[in-house]
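Summary of the model geometry
The chain contents come next:
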Amino acid sequence: METLIEARGLSRHYPSGEGVVKALDGVDVTVTPGEFVAAMGPSGSGKSTFLNLVGCLDQPTAGTLRLAGEETGRLPPERLAALRGERIGFVFQSFHLLPREDALANVMMPMMYRGIPPRLRRERAEMALERVGLQERMRHTPAQLSGGQQQRVAIARALVCGPELLLADEPTGALDSRTGLEIMALFQALNRAGVSILCVTHDADVAAFAGRTLRFRDGRLFEDERHPPVDARAMMGVPFA
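Residues numbered from 1 in each chain as written. Predicted model: local features only at pLDDT ≥ 70, side-chain atom pairs only at ≥ 80, totals over all residues. Heavy atoms only, no water.

1. What about the sheet that holds strand E1 (residues 5-16)?
Taking strand neighbours across the sheet as the criterion, the 4 strands line up as E2-E1-E4-E5 in an open arrangement whose pairing is antiparallel. Each of the sheet's edge strands pairs with one partner strand only, and the pair in question is strand E2 (19-31) and strand E5 (70-71). Across 2 bridges, strand E4 (residues 62-67) lies against E5 in antiparallel orientation. Along E5, the bridge assignment pairs Arg 66 with Glu 71. (Pairing = 2+ DSSP bridges. Helix = DSSP H or I, 4+ residues; strand = E, 2+ residues; numbered from the N terminus.)

2. Things to note about the nonpolar core
Generally speaking, soluble globular proteins have nonpolar side chains that are buried together. Residues Val 107, Leu 129, Val 153, Ile 155, Leu 166, Phe 187 and Leu 190 are the most contacted members of the largest nonpolar core, which totals 45 residues. Considering each element in turn, this core owes the most residues, 7 residues, to helix H6 (residues 177-192). The contacts of Ile 155, once residues within four sequence positions are left out, are Val 91, Val 132, Ile 183, Leu 186, Phe 187 and Leu 190. The next biggest cluster of nonpolar side chains, apart from the first, holds 28 residues, and it includes Ile 5, Val 29, Leu 83 and Leu 198. (Core = buried A, V, L, I, M, F, W, Y, C linked by side-chain atoms within 4.5 Å. Buried < 20%, exposed > 50% of the residue type's maximum accessible area, 1.4 Å probe, protein only. Contact = heavy atoms within 4.5 Å.)

3. Details of the packing of aromatic side chains
All chains considered together, the criterion is met by 3 aromatic pairs. Their ring planes at 40° and their centres at 5.4 Å tell us that Phe 50 and Phe 216 sit as a pair that is tilted. With Phe 50 in helix H1 (residues 47-54) and Phe 216 in strand E9 (residues 212-217), this residue pair connects regions lying 166 residues apart in the sequence. Residue classification places Phe 50 among the buried residues on the basis of a relative accessible area of 1%. The class for Phe 216 is buried, based on a relative accessible area of 1%. (Phe/Tyr/Trp six-rings, centres within 6.5 Å; stacked < 30°, edge-to-face > 60°.)

Have a look at this one:
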């Protein structure tokens, strides 16, 4: 079976004054393309360390991690950066938008670093914003957008280069319940369209929208549960646009 994420004995240890902190310790897990996976656990459980390793933002201390067949621990920094650009989109709790730029310019930004011509950057950014339902807000700056709209801009920016995998770190943490529900409905729509998603959350209600939940504790994966996802659109009570 084709794999997107394959971790074997994956560990990340940090030196401390008292010895070693085992932020992640011997994790084995496989994720296939097209899955929507939630990673849960309390603060310090290892879930965010796992996401950082999958996102090629950090390197393992021991064990192996393969992303789409490439063993990331053996790659030089320039190839890791290329792998992030080619295969991964990031969404965070804080939207990290440029405050003086409008939504269109914010979404175009990642393509500038990949040498994509200006006209094509604009076309792709417009398509990405339409995909997240912001076709009428392209010329608005972050200050002119609601929190949910800002997160949609951030999601469009993550999607604009066509990643196989979307990594989301507490994507609803700064949003009210209704807006968070809209974002999860958008994630489910993206997942149905073929985007694989790994979402870190401490909220069981958010994890319920995924089809699989990984539960971390003290740096270890202690539960891997598959379950029918809750339909976010149905919970909203109105069709999602």
